[in-house]
Amino acid sequence: MDEQKPSSYFVPVLLIALALVVWFGFQASHLYQERGQLASLRDNQEATYQNAKKMRAQLDSLAAGTQKLASAGNKNAQVVVSALQQRGVTINAEEKKTP
């Protein structure tokens, strides 16, 4: 009679553990690479964002000046303000302080 040797689970468990370690290493390196790419994209957009903030501040200043003129009785400024209000644009004539 042939005696059957009890099967060992060491080799299959070792292969599965090794595969998991390799997979997690690959995922970690890929995520690290993507993180670097996102940081690069954010840095590239910083100049555009600063220009947009500056333009927004200028536009707010212009709108506030137009609102003050309209409040003082300037007919042309009143026409502009009413046209903006019809389009759903509200003008805050008070100056905002940005922190």
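Residues numbered from 1 in each chain as written. Predicted model: local features only at pLDDT ≥ 70, side-chain atom pairs only at ≥ 80, totals over all residues. Heavy atoms only, no water.

Visitor: How should the overall build of the protein be read in this particular structure?
Guide: Counting its secondary structure elements, the protein contains two helices and zero strands. Rg of the C-alpha trace for the protein: 33 Å, well past the compact-globule value of 13 Å for 99 residues, more than 25% over. Along the first, second and third principal axes, the C-alpha atoms of the protein reach 115 × 25 × 20 Å. Put simply, the protein has 99 residues, and 6% of those count as buried. As presented, the protein carries roughly 9,500 Å² of accessible surface, and 60% of it is formed by carbon and sulfur atoms. The averaged location of the 8 negative side-chain charges in the protein is 20 Å from the averaged location of its 11 positive side-chain charges. (Helix = DSSP H or I, 4+ residues; strand = E, 2+ residues; numbered from the N terminus. Rg over C-alpha atoms; globule rule 2.2 N^0.38 Å. Buried < 20%, exposed > 50% of the residue type's maximum accessible area, 1.4 Å probe, protein only. Areas by Shrake-Rupley, 256 points an atom, 1.4 Å probe, with all protein chains shown as cover. Lys, Arg positive; Asp, Glu negative; His and termini not counted. Charge placed at Lys NZ, Arg CZ, Asp CG, Glu CD.)

Visitor: Got a minute to help me understand helix α1 (residues 10-72) in this structure?
Guide: Each α-helix winds once per 3.6 residues, and so residues spaced three or four apart point in a common direction. Across its 63 residues, α1 extends 88 Å between first and last C-alpha, which sits within 8% of the 93 Å expected from 1.5 Å per residue. The inward-facing, buried residues of α1 abut α2 (75-86). Once α1 finishes, G73 follows within two positions and takes phi at roughly 110 degrees, a positive value. (Expected span 1.5 Å × (residues − 1). Contact = heavy atoms within 4.5 Å.)

Visitor: Hey, could you run me through α2 in this one?
Guide: For α2, with twelve residues, the first-to-last C-alpha span of 16 Å sits near the 16 Å given by 1.5 Å per residue. The positive-phi residue at the C-terminal boundary of α2 is G88, with phi of around 90 degrees.

Visitor: Just to check I follow, could you spell out the packing of α1 against α2 for this structure?
Guide: Two quantities define a packed helix pair, namely the angle between the axes and the distance from one axis to the other. Where α1 contacts α2, the two axes come as close as 7 Å, and the packing angle between them is 120 degrees. By the criterion of interaxial angle, the relationship of α1 to α2 is oblique. For the crossing formed where α1 meets α2, the hand is left-handed. Here α1 contributes T66, Q67, L69 and A70 to the contact with α2, which in turn contributes A77, Q78, V80 and V81. A class-by-class count of the residues in the contact of α1 with α2 yields five nonpolar, three polar and no charged. (Axes fitted to C-alpha atoms, helices over the stretch in contact; angles between N-to-C directions. Parallel < 35°, antiparallel > 145°, perpendicular 65-115°, else oblique. Left-handed = near helix turned anticlockwise from the far one by under 90°. Nonpolar A, V, L, I, M, F, W, Y, C, P; charged D, E, K, R; others polar.)

Visitor: Looking at this model, I keep getting lost on the pattern of salt bridges. Mind explaining?
Guide: A pair can form between side chains of opposite charge whenever their charged atoms are brought close. Following the criterion strictly, the structure yields one salt bridge and no others. A salt bridge links R56 to D60; the shortest N-O distance between them is 3.3 Å. Here the residue R56 and the residue D60 both occupy positions in helix α1, the gap between them amounting to four residues, near one helical turn. R56 sits in the exposed class, given a relative accessible area of 53%. (Salt bridge = Lys/Arg side-chain N within 4 Å of Asp/Glu carboxyl O.)

Visitor: So what exactly am I meant to see when it comes to the environment of F24 here?
Guide: Along the chain, the position of F24 falls in helix α1. When the C-alpha atoms of F24 and V81 are compared, they prove to be 59 Å apart, with 57 residues separating the residues in sequence.

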